[in-house]
Amino acid sequence: MSAVSDRLPAFPWDKLEPFKAKAAAHPDGIVDLSVGTPVDPVPELIQKALVAAADSPGYPTVWGTPELRDALVGWCGRRLGARDLTHRNVLPVVGSKELVAWLPTQLGLGPGDKVAHPRLAYPTYEVGARLARADHIAYDDPTDLDPTGLKLLWLNSPSNPTGRVLSPQELTRIVAWAREHGILVLADECYIELGWEADPVSVLHPEVCGGSYEGIVAVHSLSKRSNLAGYRSAFLAGDPAVLGDLLQIRKHGGMMTSAPTQAATVAALSDDTHVQEQRERYAARRKALRDALVSHGFRIEHSEASLYLWATRDESCWDTVAHLAALGILVAPGDFYGPAGANFVRVALTATDERVQAATTRLTTPTA
């Protein structure tokens, strides 16, 4: 066991505990903007679908019910513009983090193989490579990388933590380069429903992939769009050869989404109204926090999409974390996402309206 844990970095969030305690000591309580965990209710139609499927004594299938696969294919066509998808092009997974962490292992990668991810990135991309004993490399532009030994290329648009969105032209160029070198592209698109000043495009769009899904797989999650983080509902879409192999591996590993969750996912993907309502909540919180941070002396970079504001006061991120903790506000230090984030903090929009109002009041009230 220790041999596996020794491959992993220290869990970064443990470093925040002293600052969390400091923020919690504020007379009006903590405003926790450090983690992007939804706080709004699960939409009623999804809860009803979950309850209706609660009497599920048998094992669910790893591939999901035909109804679930229909819903995944239909949503990808309606929302992403993907064409000619079949059930062979989709695969449900038990939350996207599980997939990210174990994908290199499930693909058979190991020593000598390389996994590439953005220089500022979700830490689990690196963790997945470490678990497989593969090498991990960070990039600014993946097409500048040496393709030798590079087996898996992670894209993330909209980005966590920066909110940056890759243009269709950038995606097309990267997909073409990866195909030229036989590199599998995994596009983490979990925030694609949350574009603010940009309209994110999927790698599955025909203008990007040329109508072929060879060598590309998109990762999607219902955690943010439908407030289903507690349900662990996510899925893959793309290359049927890759997904077919993963399906067989995941059957052996028993990696199955629960039957009630599958039913809830069908309901969630079949309704767009609740997604728009949630977007409106986040848009209002985003404007309030952005205006307050700017008035407090912050500069916001990128942040054109996703659930975060990428903010800086041009100082060490830990000095900024301490400063905000003194105001009872907890944020994530940018270096959690790579050394390039050393002067930034990530501010999540996932707090109640009341807590967001508390944060904006503290940020805009002059201190004595």
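Residues numbered from 1 in each chain as written. Predicted model: local features only at pLDDT ≥ 70, side-chain atom pairs only at ≥ 80, totals over all residues. Heavy atoms only, no water.

Asker: Describe the packing of helix H5 (residues 96-106) against helix H9 (residues 240-253), naming the residues involved and giving the relevant values.
Answerer: Direction vectors running N to C along H5 and H9 enclose 100°, while the axes themselves pass 12 Å from each other. By the angle class used here, H5 and H9 are roughly perpendicular. Mapping the contact onto sequence places Glu98, Leu99, Leu103 and Gln106 in H5 and Leu246, Ile249 and Arg250 in H9. Grouping the constituent residues of the contact of H5 with H9 by class yields 4 nonpolar, 1 polar and 2 charged. (Axes fitted to C-alpha atoms, helices over the stretch in contact; angles between N-to-C directions. Helix = DSSP H or I, 4+ residues; strand = E, 2+ residues; numbered from the N terminus. Parallel < 35°, antiparallel > 145°, perpendicular 65-115°, else oblique. Contact = heavy atoms within 4.5 Å. Nonpolar A, V, L, I, M, F, W, Y, C, P; charged D, E, K, R; others polar.)

Asker: Give me the lowdown on the packing of aromatic side chains, citing residues and values where you can.
Answerer: Evaluated as defined, the whole model comprises 9 aromatic pairs. Measuring from centroid to centroid gives 5.8 Å for Trp75 and Phe235, while their planes differ by 85°, and the two rings are edge-to-face. On the criterion of sequence distance, the pair formed by Trp75 in helix H4 (residues 66-80) and Phe235 in strand S8 (residues 234-238) is long-range, its members being 160 residues apart. With relative accessibility at 1%, the residue Phe235 sits in the buried group. Through a chain of ring-to-ring contacts, three or more aromatic side chains come together here, namely Trp13, Phe19, Trp318, Phe336 and Tyr337. (Phe/Tyr/Trp six-rings, centres within 6.5 Å; stacked < 30°, edge-to-face > 60°. Buried < 20%, exposed > 50% of the residue type's maximum accessible area, 1.4 Å probe, protein only.)

Asker: Describe H4, and please don't skip the residues or the numbers.
Answerer: Taking 1.5 Å of rise per residue, 15 residues should cover 21 Å, and H4 covers 20 Å from first to last C-alpha, within 8% of that figure. Considered for burial, the residues of H4 that qualify are Leu68, Arg69, Ala71, Leu72, Val73, Trp75, Cys76 and Leu80. Next to the buried residues of H4 lie strand S2 (90-93), strand S7 (216-221), S8 and helix H10 (259-269). One or two residues past the end of H4 sits Gly81, with phi positive at roughly 80°. (Expected span 1.5 Å × (residues − 1).)

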